[in-house]
Amino acid sequence: MTEDLKGLALDAIATSGAADDPDYPRFHVVPPVGRLNDPNGLLVDGGTYHAFYQFSPFHPHRKLVYWGHSSSTDLLHWRHHEPAVIPDSFYDLSGAYSGNAIVLEGHELDHAPAQAPYQLFYTGNLKDPVTDERTASQCLVTSNDLTDFTKWPGNPLIPTHAEGYTAHYRDPQVFRDPDRPGEYRMLIGVQRANETSAAVLYRSRDLVSWELEGELSFPDAGGAFDSFGYMWECPGLVRVRDEATGEDWDVLIWCPQGITPQREGFENIFPCVYTVGHLVGTELRGTDGTFHEVDRGFEFYAPQAFARRPSEPGPVLLTAWVGNASEDDQP
């Protein structure tokens, strides 16, 4: 008999005493029970902020990852909702891993999957129970109201990793191509077959059929990012305007695992860094290999920018996990 994973999670939430703990955080997104990690699917809808996140309701007894869901009108007081993505499909039985959201409107909806305004993308994780071999796929969930969420019947959109890469192929970020209206791009953090890290880009017109464009490259960086750690997690590109010159820049923010500190800082187990350039095709031009930490603390990881409707622009708003990978024993 198939487990009712949503029901089990709701039972765990209903019987939890976590919120009664005097140390339970009051001004951050926190899980109603269990463990939280990466922010996922961040979006602004009117005056409401929605934060999905990696949610393990049975931690540490069972490390099964859902997408949790909270909302706020002031970014201080958060309301819990039922889990949004349940790892109950053949492609995500080992967890619904990180991803992002895009909010559609107007003519974009005419050709959108399920004609739904809210499109949530994530990595489905599947591990063989005998060999522990991993399969990572990129998947889609749609919603009309941010209350009910439906997995796309054609999942997985990208069923496995591309040739030349390992199964560490995850954390999709989908965004509109600002230079080619009507087209979308997907940025994924990957590990090459030689166990060095990178990111790859896909392109789509309908958010369902995706074509691999190639690896993100840095032609002006002098090879600085050619062998920069063993895995890039949660890569994201945001376009921001220089307040002094009015010029638009593309900022790549990502979490390289396995880099060695070369200067002051970078003292956490896995840092979060950024570099600035101009995205042209699959090339981030103009960055000379310089990179900086986003945050100097020990617990700032897997950040993501809130997605917005085109008709409701606003500042780039970034939030991250106040934690870090592989450090559950150091709360």
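Residues numbered from 1 in each chain as written. Predicted model: local features only at pLDDT ≥ 70, side-chain atom pairs only at ≥ 80, totals over all residues. Heavy atoms only, no water.

**A word on the side chain of Ser-72**
The test is simple: Strands here are runs of E lasting at least two residues and helices are runs of H or I lasting at least four, both read from the DSSP assignment and numbered beginning at the N terminus. Only protein chains enter the accessibility calculation, which uses a 1.4 Å probe; a residue is then buried when its area is under 20% of its type maximum, exposed when over 50%, and partly exposed in between. For this analysis, a polar contact is any N or O atom pair within 3.5 Å, provided that within protein one partner can donate a hydrogen and the other can accept it, and provided that sequence-adjacent residues contribute only side-chain to side-chain pairs.
Structurally, Ser-72 is set in strand E3 (residues 66–72). A relative accessible area of 2% means that Ser-72 is categorised as buried. A polar atom in the side chain of Ser-72 sits 3.0 Å from the side chain of Asp-74.

**A look at the pairing of strand E1 (residues 35–45)**
Spelled out, the test is: One bridge is not enough; two strands pair if DSSP finds at least two bridges between them.
Among the 11 residues of E1, 10 are classified as buried, and the element is accordingly described as predominantly covered. Two elements, E1 and strand E2 (residues 48–56), share 7 bridges in a ladder whose sense is antiparallel. Across the sheet, Val-44 pairs through a bridge with Tyr-49, a residue of E2.

**Comments concerning the side chain of Ser-98**
Considering the arrangement of structural elements, one finds Ser-98 in strand E5 (residues 96–103). At a separation of 3.0 Å, a polar atom in the side chain of Ser-98 contacts the side chain of Asp-38.

**What to know about the environment of Gly-286**
Mapped onto the secondary structure, Gly-286 falls in the loop between strand E16 (283–285) and strand E17 (292–293). For Gly-286, a relative accessible area of 48% gives the class partly exposed. The spacing of Gly-286 and Val-190 is 96 residues in sequence and 23 Å in space, taken between C-alpha atoms.

**Focus: the sheet that holds strand E4 (residues 79–80)**
Read across the sheet, 4 strands follow the order E1-E2-E3-E4 without closing on themselves; strand pairing throughout is antiparallel. Both outer strands of the open sheet, E1 and E4, are each paired with one neighbouring strand and no more.

**Here's the deal with the pairing of strand E6 (residues 118–127)**
Of all 10 residues in E6, 8 are buried, a share of seventy percent or more. Looking at chain direction, E6 and strand E7 (residues 134–143) are connected through 10 bridges and run antiparallel. When the bridges of E7 are listed, Asn-125 appears paired with Ala-136. Here E6 folds back onto E7 in antiparallel fashion, the turn holding 6 residues, of which Asp-132 has a positive phi close to 65°.

**Comments concerning the packing of aromatic side chains**
Put simply, the test is: Think of it this way: a Phe, Tyr or Trp ring, Trp meaning its six-membered ring, pairs with another when their centres are within 6.5 Å, and the plane angle makes it stacked under 30 degrees, edge-to-face over 60, tilted otherwise. As a reminder, the over-ring test applies to NZ of lysine and CZ of arginine, requiring each to be within 6 Å of the ring centre and within 35 degrees of the ring normal.
By the definition in use, this model includes 21 aromatic pairs. Taking 6.4 Å as the distance between ring centres and 45° as the angle between the ring planes, the aromatic pair formed by Phe-270 and Tyr-301 counts as tilted. Here Phe-270, found in the loop between strand E14 (248–257) and strand E15 (273–280), pairs with Tyr-301, found in strand E18 (residues 301–305); they are 31 residues apart in sequence, far enough to count as distant. Comparing Phe-270 with Tyr-301, the two get one shared label, buried. The side chain of Arg-263 reaches across the aromatic face of Phe-291, ending 4.8 Å from its centre.

**Points about the layout of surface pockets**
Going by this rule: Here a cavity is any set of points on a 1 Å grid over the protein atoms alone where a 1.4 Å probe fits but cannot get out, and a pocket is any open set with protein on both sides within 12 Å along at least 5 of 7 lines; a residue lines the site when it has an atom within 4 Å of a point. Grid points are joined across faces, edges and corners, and a volume is the space filled by probe spheres set on the points. When residues are sorted by character, Ala, Val, Leu, Ile, Met, Phe, Trp, Tyr, Cys and Pro go into the nonpolar class, Asp, Glu, Lys and Arg into the charged class, and all the rest, Gly among them, into the polar class.
One number sums up the size of the second largest pocket: a volume of about 1100 Å³. What lines the second largest pocket is a set of 37 residues, among which Val-29, Val-30, Pro-31, Leu-36 and Val-322 lie closest to the centre. Of all the secondary-structure elements, those providing two or more residues to the lining of the second largest pocket are E1, E2 and strand E19 (318–321). Tallying contributions element by element places E1 first for the lining of the second largest pocket, with 5 residues. Looking at the lining of the second largest pocket, its residues break down into 22 nonpolar, 8 polar and 7 charged.

**Observations regarding the environment of His-292**
The cut-off we apply is this: By the convention used here, residues are in contact when the closest approach between their heavy atoms is within 4.5 Å.
Residue placement: His-292 occurs in strand E17. You can call His-292 partly exposed: its relative accessible area is 38%. Once the C-alpha coordinates of His-292 and Cys-272 are considered, the two residues, 20 residues apart in sequence, prove to be 8.4 Å apart. Discounting residues that sit within four places of it in the chain, His-292 has contacts with Arg-263, Cys-272, Val-273 and Tyr-274.

**Section: the nonpolar core**
The criterion, for reference: For our purposes a nonpolar core is just a set of buried Ala, Val, Leu, Ile, Met, Phe, Trp, Tyr and Cys residues, chained together by side-chain atoms within 4.5 Å.
One finds Leu-5, Phe-55, Phe-58, Tyr-66, Ile-253, Cys-272 and Tyr-301 to be the most contacted residues of the largest nonpolar core, which totals 24 residues. Counting only elements with at least two residues in this core, the list comes to helix H1 (5–14), E2, strand E13 (231–241), E14, E18 and E19. Apart from residues lying up to four places away in sequence, Leu-5 is in contact with Arg-62, Leu-64, Tyr-66, Ile-86, Pro-87 and Asp-88. Residues Phe-121, Ile-158, Val-190 and Leu-207 belong to the second largest nonpolar core, which totals 20 residues.

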